[in-house]
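Notes for the structure review
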Amino acid sequence: MGFIEEIKRRRTFAIISHPDAGKTTLTEKLLLFGGAIQVAGAVKSNKITKTATSDWMEIERQRGISVATSVMGFEYKDVKINILDTPGHQDFAEDTYRTLTAVDSVVVVIDAAKGVEPQTEKLVKVCRMRHTPIMIFINKLDRPGQDPFDLLDEIERKLHLKVTPLSWPIGMGPTFRGVYNIFDRSLYLFEPNKQRVEPGIAFDDLSNPFLVQYIGDAAHQLRDDLDLVSGVYPEFEVDDYLSGRICPVFFGSALNNFGVRELLDCFIRIAPTPVGRDAEERHVEPNEEAFSGFVFKIHANMDPNHRDRIAFVRVVSGRFERNKPYHHVRLDRKLKFANPTAFMAQKKSVVDEMYPGDIVGLYDAGNFKIGDTLTEGEILHYKGIPSFSPELFRYVENADPMKSKQLAKGLEQLTDEGVAQLFTGKTTGRKIIGTVGALQFEVIQYRLLHEYGASCRYEHITLHKTAWITSDNKAMLDDFKARKSSFLALDKEGRDVFLADSPYALQTAMEKYPDIKFHFTSEF
Ligand code: G4P
């Protein structure tokens, strides 16, 4: 198969949802269709459990699972599908944001009873910023849920998305009879607990009296509903979906394997093939011959005896080849990879070549940071892998004076992995760790000890938010820095960061220094 055909047959996406909406169940059913797994229950949920949120061993166990499920590749109808897993736990939201930079589209799972939940709102906001095409799967139709029109309203209102249903439920919960697929104009009938997927019954014309034979009196309601649907929602246009202007919606029940195949069949037809990415220098298209890619995730190995890690690289352009020297742009060094790894469902294997859209796992002894770019020599820096201004802060102190080197190295590497952000107070020299979730503090302490042999202690710091500061008005910036010196820190790249100890302090600083820009993501 030629290079262009290889690109065209790839689809790289993530499934996102609030925990418990059914992401794991849906992923598993998709893998079953692709023949990547044979039995249900094979995909372990990559969520840090709901119950033991601060159980370290549990975190370690989950980390082991999550490396296995970080990327799940499979083939379906000659299409190579790469599903990128995203942690469900909100403390790991930043990990998820970064994963979203490596996909070309997303599927959002929503629980029909619970509707739009907070985590979904946050994640969709990131997708909207990037105009990522979104498909929506409304799940758990076998249970009583909200009225479908109300659900669509809520999605439009809370997620600020325009939707158009491509399937429509017939009843819900105890009265659930199936769905009418608007996209291929057929009827799919539901039988609880029947995992076998029946073909749809073609129903081009819903006024056909035979409809009643299949769904009884529900036929009237369905006709009324669909009249309303066609009056209220725009006709589906693939281009609107690809540009992020409209989101097609499907209804089903992942647990019952209902509505999943229709979603998948539609997905492989309309979901985007690998798209290019903007580097600081220029836009790069996937069909360019020279290889380029960026690191969006780093996963430390579980085995404490081997401190190697896996860097996950999204191939943006060209063909990645095993043992070929590539240019590590930040380090300005050539690196060769003897064991590039591909992930197929639960299996890992060494691969000789990878194509745009693929995710290649590279074993790394500490050369990579999140956001690093690999090329064949060109100087490129891929954009769009921001760090978000953290929300929780602690001073970190060395608890074992004999191990200060280990502590420094551990902190450096763990923050390279994106577990947390590290700041250094400008006047005090004290190290401050900032995270988006409380769990990270425990993860860091635990990993410092087990992977680096270093002990740390946390101390309280009164800090509301950090903001990166820049200004074209040098005099104003210098004045600000002089007056606020005890509230300034440097990030790992040596950039200035304002430490606002309260919302009020931040607001007054912004008002008093109008020429200073306060940035809440690291990309500016
Ligand atoms: P997540 O990854 O989004 O967190 O959700 P997950 O798939 O783990 O699903 C959360 C719960 O919802 C699971 O039940 C799962 O079986 C159930 N579920 C998923 N899809 C459907 C559906 O279509 N209908 C119904 N009725 N339930 C569904 P659990 O009891 O928490 O876990 P388990 O013991 O079944 O694994």
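Worth saying up front: this structure is predicted, and the values here are computed from it rather than measured. (Residues numbered from 1 in each chain as written. Predicted model: local features only at pLDDT ≥ 70, side-chain atom pairs only at ≥ 80, totals over all residues. Heavy atoms only, no water.)

1. Here we look at the sheet that holds strand β31 (residues 516–519)
The strands making up a sheet associate through hydrogen bonds between their backbones, and the pairing can be parallel or antiparallel. Here is the rule we go by: For two strands to be treated as a pair, DSSP must find at least two bridges joining them. Helix and strand labels come from DSSP, where a helix needs a run of H or I of at least four residues and a strand needs a run of E of at least two; each type is numbered from the N terminus. Every axis corresponds to a line fitted to the C-alpha atoms, with the helix fit spanning only the stretch in contact, and the corresponding angles, defined between N-to-C directions, vary from 0 to 180 degrees.
The antiparallel open sheet is built from 8 strands, whose spatial order is β27-β24-β26-β25-β29-β30-β28-β31. Two strands bound the open sheet, and with one partner strand each, they are β27 (456–460) and β31. Averaged over all pairs of adjacent strands, the angle between strand axes in this sheet comes to 40°, irrespective of strand direction. With 4 bridges joining them, strand β28 (residues 465–471) and β31 adopt antiparallel strand pairing. Residue pairing for β31: Ile469 is matched across the bridge by Phe518.

2. A closer look at the environment of Ser317
The test is simple: Remark: exposure states derive from per-residue accessible area (1.4 Å probe, protein chains only) relative to the maximum for the residue type, with buried under 20%, exposed over 50%, and partly exposed in between. What qualifies as a polar contact is a pair of N or O atoms within 3.5 Å, subject to a donor-acceptor requirement within protein and to the restriction that residues adjacent in sequence count only when both atoms come from side chains.
Mapping Ser317 onto the fold places it in strand β15 (residues 309–317). Exposure remark for Ser317: the relative accessible area of 1% places this residue in the buried category. C-alpha of Ser317 to C-alpha of Pro356: the two residues are 39 residues apart in sequence and 5.3 Å apart in space. Looking at Ser317, its side chain comes within polar contact range of the main-chain oxygen of Ala290, at 2.8 Å. At a separation of 2.7 Å, a polar atom in the side chain of Ser317 contacts the side chain of Ser292.

3. Brief notes about the pairing of strand β2 (residues 71–76)
Taking burial as the measure, the 6 residues of β2 include 5 buried ones, the bulk of the element. Bridge count for β2 against strand β3 (residues 79–84) is 6 bridges, and the pairing is antiparallel. When the sheet's bridge partners are listed, Val71 is paired in β3 with Leu84. Hairpin geometry of β2 and β3 is characterised by an intervening segment of 2 residues between the two adjacent antiparallel strands and by a positive phi of about 45° at Lys77.

4. Quick look at the state of the cysteines
Put simply, the rule reads: Cysteine sulfur atoms are paired as a disulfide whenever they fall within 2.5 Å.
Going through the model one piece at a time under the given rule, you end up with 0 disulfides. Left unpaired, Cys127 is separated from the closest cysteine sulfur, that of Cys247, by 9.3 Å.

5. Describing unusual backbone geometry
Within the chain, His160 stands out as a residue other than glycine whose phi angle is a positive 55°. In the Ramachandran plot, Asn257 falls in the positive-phi region, its phi being about 55° despite a non-glycine side chain. With respect to the helices, strands and loops of the structure, Asn257 is situated in the loop between β11 (247–251) and α10 (260–270). Note on Asn257: relative accessible area 11%, which makes it buried.

6. Description of the site of the ligand
Note the cut-off: Any residue with a heavy atom lying within 4 Å of a molecule or strand is counted as near it. Three residue categories are used. Nonpolar comprises Ala, Val, Leu, Ile, Met, Phe, Trp, Tyr, Cys and Pro, charged comprises Asp, Glu, Lys and Arg, and polar comprises the others, including Gly.
Taken together, 18 residues are adjacent to the ligand, and Asp20, Lys23, Thr24, Thr25 and Ser253 come closest. The separation between an oxygen atom of the ligand and a polar side-chain atom of Ser17 is 3.4 Å. With respect to the ligand, the backbone of Ala21 contributes an N or O atom lying 3.3 Å from an oxygen atom. Tallying contributions element by element places helix α2 (residues 23–33) first for the shell around the ligand, with 3 residues. Taken together, the residues of the shell around the ligand break down into 4 nonpolar, 7 polar and 7 charged.

7. Remarks on a nonpolar patch on the surface
Our working rule: Residues forming no salt bridge and having over 30% relative accessible area are the ones grouped into patches, like charges within 9 Å of each other and nonpolar side chains (Val, Leu, Ile, Met, Phe, Trp, Tyr) within 5 Å. Surface accessibility in these figures is a Shrake-Rupley result with a 1.4 Å probe; residues are shielded only by whichever protein chains are displayed. The working definition used for a salt bridge is a side-chain nitrogen of Lys or Arg within 4 Å of a carboxyl oxygen of Asp or Glu.
A contiguous nonpolar surface patch, about 280 Å² in accessible area, is contributed by Leu189, Phe210 and Tyr214. Mapping Phe210 onto the fold places it in the loop between β10 (201–202) and α7 (211–215).

8. A word on the side chain of His519
Along the chain, His519 turns up in strand β31. Of the polar contacts made by the side chain of His519, one reaches the side chain of Thr470; its length is 2.7 Å.

9. What to know about the pairing of β11
Most of β11 sits out of view: 5 of its 5 residues are buried. As defined by bridge partners, strand β5 (residues 134–139) adjoins β11 across 3 bridges and the pair is classed as parallel. For Ile136, the partnering residue across the bridge sits in β11 and is Val249. In terms of strand pairing, strand β6 (residues 163–165) meets β11 through 3 bridges, oriented parallel. Among the inter-strand pairings, Thr164 is bridged to a residue of β11, identified as Pro248.

10. Topic: the nonpolar core
Using the following cut-off: Note on terminology: a nonpolar core comprises buried Ala, Val, Leu, Ile, Met, Phe, Trp, Tyr and Cys residues joined through side-chain atoms within 4.5 Å. Note that the domain bounds were set by an automatic or database domain assignment. Residue contacts follow a heavy-atom distance rule, with two residues in contact if any of their heavy atoms lie within 4.5 Å.
Counting 63 residues, the largest nonpolar core has Val106, Ile134, Ile136, Ile138, Leu152, Ile155 and Leu222 as the members making the most contacts within it. When residues in this core are grouped by element, the largest group, 5 residues, is from helix α6 (residues 148–159). Of the residues that make up this core, three or more belong to each of domain 1 (10–270) and domain 2 (277–375). Setting aside residues no more than four positions away along its own chain, Val106 makes contact with Phe13, Ala14, Ile16, Leu100, Cys127, Thr132, Pro133, Ile134 and Met135. Grouped together as the second largest cluster of nonpolar side chains are 30 residues, Leu26, Met72, Val79 and Phe250 included.

11. Quick notes on the packing of aromatic side chains
Selection rule: The aromatic pairing rule takes the rings of Phe, Tyr and Trp, using the six-membered ring of Trp, and pairs them if the centres are within 6.5 Å, calling planes under 30 degrees apart stacked, those over 60 edge-to-face and the rest tilted.
This model, assessed by the stated rule, comprises 22 aromatic pairs. With a centroid separation of 6.4 Å and an interplanar angle of 80°, the aromatic rings of Phe183 and Phe236 are classed as edge-to-face. Of this pair, Phe183 sits in the loop between β8 (178–181) and β9 (186–189) while Phe236 is found in the loop between α8 (218–232) and α9 (238–242), placing the two residues 53 residues apart along the sequence. For Phe236, a relative accessible area of 16% gives the class buried. Judged by centre distance (5.8 Å) and plane angle (90°), the rings of Phe203 and Tyr214 are edge-to-face. Placement of Phe203 in the loop between β10 and α7 and of Tyr214 in helix α7 is noted, with a sequence separation of 11 residues between them. Classification of Phe203 as buried rests on a relative accessible area of 5%.

12. Some words on the environment of Lys409
Secondary-structure assignment places Lys409 in helix α11 (residues 404–416). Among the residues examined, Lys409 registers a relative accessible area of 44% and is labelled partly exposed. Along the primary structure Lys409 and Tyr452 are separated by 43 residues, whereas in three dimensions their C-alpha atoms are 7.9 Å apart.

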